[in-house]
Each structure stands twice: as C-alpha cells, then as structure tokens.
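# Observations on chain architecture
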Amino acid sequence: MMERRDGPAGWLTILARLGFAARGLVYLLVGIFALDAALNGGRPSDNQGVMGTMADAPVGRVLLLLCALGFAGYAFWRLAEAALDPELRRQNMKGRLERVGYALSGLIHIGLAVAAVKLAMRQQPSPNGSPGDQTAQSWSAWLLDQPAGPALLIVVGIGLLATAAAQAVKAYKASFDELSGDVPAPRQVRWMGRVGYAARALVFAMMAWFLVNVVVQHDPNEAGGIGAALRQLREQEHGALLLLIVAIGLALFGLFSLVEARYRRLHVAVPRL
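Throughout this document, residue positions are counted from 1 along each chain, in the order its sequence is written. Where totals are concerned, whole chains, interfaces and linings use all residues; where local detail is concerned, this predicted model gives features only for residues with pLDDT of at least 70, and gives and counts side-chain atom pairs only at 80 or more. Hydrogens and water are ignored here; the side-chain numbers use all heavy atoms of the structure.

## Here's the deal with a nonpolar patch on the surface
In this analysis, a patch consists of residues with relative accessible area above 30% that form no salt bridge, clustered at 9 Å for like charges and at 5 Å for the nonpolar side chains Val, Leu, Ile, Met, Phe, Trp and Tyr. Computed with a 1.4 Å probe, the accessible areas rest on the Shrake-Rupley method; for each residue, only the protein chains presented here act as cover. A pair is scored as a salt bridge if a Lys or Arg side-chain nitrogen falls within 4 Å of a carboxyl oxygen belonging to Asp or Glu. On the surface, V59, V62, L63, L66 and L69 cluster together into a nonpolar patch covering about 420 Å² of accessible area. Secondary structure follows DSSP: runs of H or I at least 4 residues long count as helices, runs of E at least 2 residues long count as strands, and numbering of each begins at the N terminus. Counting through the fold element by element, L69 comes out in helix α3 (residues 60–84). A relative accessible area of 46% places L69 in the partly exposed class. Note on exposure labels: buried denotes an accessible area under 20% of the residue type's maximum, exposed denotes more than 50%, and partly exposed covers the range between, all computed with a 1.4 Å probe on protein chains only.

Okay, structure coming up:
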C-alpha cells in the first residue's frame, strides 16, 4: 500500500508508519533483553535503555535518527487524534478516555524522539538499564512539590490504568479491524497482537500502581517505567517464569507493531490554519 505524498498529510502518514516500525523495533529489543534477563539473570532494559544499545551499534546513529523521525510522526498523529478527533469518536466517556490516552501517548513519543536525537548526536552518554525509571522518579518528585502535584499524579495514574484496560480489551477481542484488507487479519497475526497487548496491559497497570504508591507513601522513588515493572515481576514467586512470559509478549508486540507499520489504516489530520 503506497501513501500519497502530495501534501503534509501524506508525508505525516508515512512518518506515522515509520513510528510504528520504530516502536516495533524498540519493543522487540526490550522483549529480547527481558528474555535474556529471565533465562540468564541480569537487568531488564526499557525503551530508552535499548535505544542506548542501538547508539553503540555500527549503524546505530542512522537507526536512531530514523526512530526519532518515526516517533515524531507517531506523536503528531496521536496528538492530532486527541485534539481533532479525525475518526469521529463518540463524545461519551469511553471516547474521551481514548483521546486522553492518545494525548498521553503523543507526549511519551515526543520524549522518545528527543531522547533518540540526543543519543544520535552524542549529546548524552548511551544509557544502560532502565533510564526511564529515573525520568519517572524525577518528574514525580517535581510534581510532589507542587500544590496540586499529588492530584495530578493520580490523574496520570488513572490515565495509565485506563490505557492498560483498553489494551486488555484489545487483547481479549483480538479483532484488530484497524489493519487494512478485505478479510480479517491472519490468525497468527491476531495471536501476536493478543499476547503482545496482554503483556503491555500488565506493564501499564503496574506503572499506574507505582504512581499510586508515590502519592500514598509520598516517595518519588516508588515511581518507575517498563524496567521497574519487569524487575518487579522477577522479584515475585516464580518470577523468572513470569518475566519470561511477559518478555515473549513484549517481543510479540514489537513484531505486531512492524505488521501495523505496513498494513494499518491511518488517517492523519492536519490542522487548517
């Protein structure tokens, strides 16, 4: 499927597809690192950590710049969905929560785009492990010091929990109607998406719980991202098995995102000036 390039929407749609590919590559690497941690020990990594690993590869700077372009395009698409509602989602509570989730996703991918550019330009050292945990702790500490900070943290936590619930519903239904084609997605593709979305739902729910603990215990060190969630899983009884299952799920989500990069129907709205 070729995208029309005669205009901003066409180019932004191509960048959004590149964003799906970048997301797929990053999640695939996160899953592989977590798989290694489950089988051989070590520290699971998060999305920023695996980008740091990419920076040290022979063509890592080129890959990171492509990821940055993709993340920026993906962020614009999600923010446009949140603000302009090009797909005319219902104005009920479900539709509003979906648009809030799109806005949160857009902001997250702006941060990933900036991090990818800095790594590609060697403006910061290549991080190892889970730098996203430090980022979450830093902004949690800043919010705790603000007058309405704890309430805002709860709102973000609710947003993450709503996102986790939406991912779980998607894993359960496994229809994936957003993939293009006149026939349903192949069975193996739907199972990749189902397992991947289930693993991601669990990780997002754990990240929401971390924020609740930040407010309850008034301790920003309780905050964490994907890396903290994976470490928490490993610390449970039968933790290696739990981490192994989630690692496979995250890797499958990465593969499913690569499928979406090629086949997902996209409509990128461009604001009229």
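## Description of the packing of helix α2 (residues 47–55) against α3
Angle between the axes and distance between the axes: these two values describe a pair of packed helices. Note on geometry: axes are C-alpha line fits, over the in-contact stretch for helices, and angles between N-to-C directions span 0 to 180 degrees. Two elements in contact, α2 and α3, have axes whose closest approach is 7 Å; the angle formed by their N-to-C orientations is 140 degrees. Between α2 and α3, the angle is such that the two are oblique. Facing α2, whose interface residues are M51, M54 and A55, α3 presents G60, L63, L64, C67 and F71. Residues are grouped as follows: nonpolar covers Ala, Val, Leu, Ile, Met, Phe, Trp, Tyr, Cys and Pro; charged covers Asp, Glu, Lys and Arg; every other residue, Gly included, is treated as polar. Looking at the contact of α2 with α3 residue by residue, the class counts come to seven nonpolar, one polar and no charged. Should an angle lie under 35 degrees it is considered roughly parallel, over 145 roughly antiparallel, and from 65 to 115 roughly perpendicular; all remaining angles are considered oblique. By the convention used here, residues are in contact when the closest approach between their heavy atoms is within 4.5 Å.

## Section: the environment of A205
Positionally, A205 belongs in helix α7 (residues 187–217). Considered as a pair, A205 and A165 are 40 residues apart in the sequence and their alpha carbons are 8.0 Å apart.

## Thoughts on the nonpolar core
Nonpolar cores were defined as sets of buried Ala, Val, Leu, Ile, Met, Phe, Trp, Tyr and Cys residues, with membership established by side-chain atoms within 4.5 Å. Core analysis: the largest hydrophobic core is formed by 56 residues, its most contacted members being M51, L64, F71 and L230. When sequence neighbours within four positions are dropped, the list of residues in contact with L230 reads V30, A34, P44, S45, L243, V246 and L250. One finds F20, W77, A261 and L266 within the second-largest nonpolar core, a separate group that totals six residues.

## Points about the pattern of salt bridges
Throughout the structure, instances matching the rule amount to five salt bridges. When the shortest N-O distance is used, the salt bridge between R231 and D133 registers 2.9 Å. Here the residue R231 occupies a position in helix α8 (residues 226–234), and D133 occupies one in helix α5 (residues 131–144), the gap between them amounting to 98 residues. One exposure class covers both R231 and D133, and it is buried. One salt bridge connects E178 with R264, and the closest N-O pair in it is separated by 3.9 Å. Of this pair, E178 sits in the loop between α6 (149–173) and α7 while R264 sits in the segment after α9 (239–263), and the two are 86 residues apart along the sequence. Each member of the pair, E178 as well as R264, is classed as buried. Here the salt bridges share partners, and the residues they tie into one network are R23, K170, E178, E260 and R264.

## Side note on the packing of aromatic side chains
The criterion for an aromatic pair is that two Phe, Tyr or Trp rings (for Trp, the six-membered ring) have centres within 6.5 Å, with stacked assigned to planes under 30 degrees apart, edge-to-face to planes over 60 apart and tilted to the rest. Applying the stated criterion across every chain, the model contains eight aromatic pairs. Considering the side-chain rings of F176 and Y197, the 5.9 Å spacing of their centres and the 25 degrees angle between planes classify their relative orientation as stacked. With a gap of 21 residues between them, F176 in the loop between α6 and α7 and Y197 in helix α7 connect regions that are remote in the sequence. We note that F176, like Y197, is buried. Ring centres 5.2 Å apart and planes at 85 degrees place the aromatic pair Y197 and F253 in the edge-to-face group. Here F253 lies in helix α9 and Y197 lies in helix α7, a separation of 56 residues in the sequence. Exposure remark for Y197: the relative accessible area of 5% places this residue in the buried category. Feature note: the residues Y27, F176, Y197, F253 and F256 constitute an aromatic cluster, connected by ring pairs. A cation sits over an aromatic face here: R194 above W191, 5.0 Å from the ring centre. One cation-aromatic arrangement involves R262 over Y263; the distance from NZ or CZ to the ring centre is 4.8 Å. Two conditions define a charge located above a ring, namely a distance within 6 Å from the ring centre to NZ of Lys or CZ of Arg, and an angle within 35 degrees of the ring normal.

## Considering the environment of D133
With relative accessibility at 1%, the residue D133 sits in the buried group. The residues contacting D133, other than those within four sequence positions of it, are D46, G224, G225, I226, G227, A228 and R231. Here a polar contact means two N or O atoms within 3.5 Å. Within protein one must be a hydrogen donor candidate and the other an acceptor candidate, and residues neighboring in sequence count only if both atoms are side-chain atoms. Only 2.9 Å separates the side chain of D133 from the side chain of R231, close enough to count as a polar contact.

## Description of unusual backbone geometry
In this model, H218 sits at a positive phi of 50 degrees, which is unusual for a non-glycine residue. Here H218 shows up in the loop between α7 and α8. With a phi angle near 60 degrees, H238 is a residue other than glycine that sits in the positive phi range. Mapped onto the elements of the fold, H238 is located in the loop between α8 and α9. Overall, the relative accessible area of 60% leaves H238 in the exposed class.

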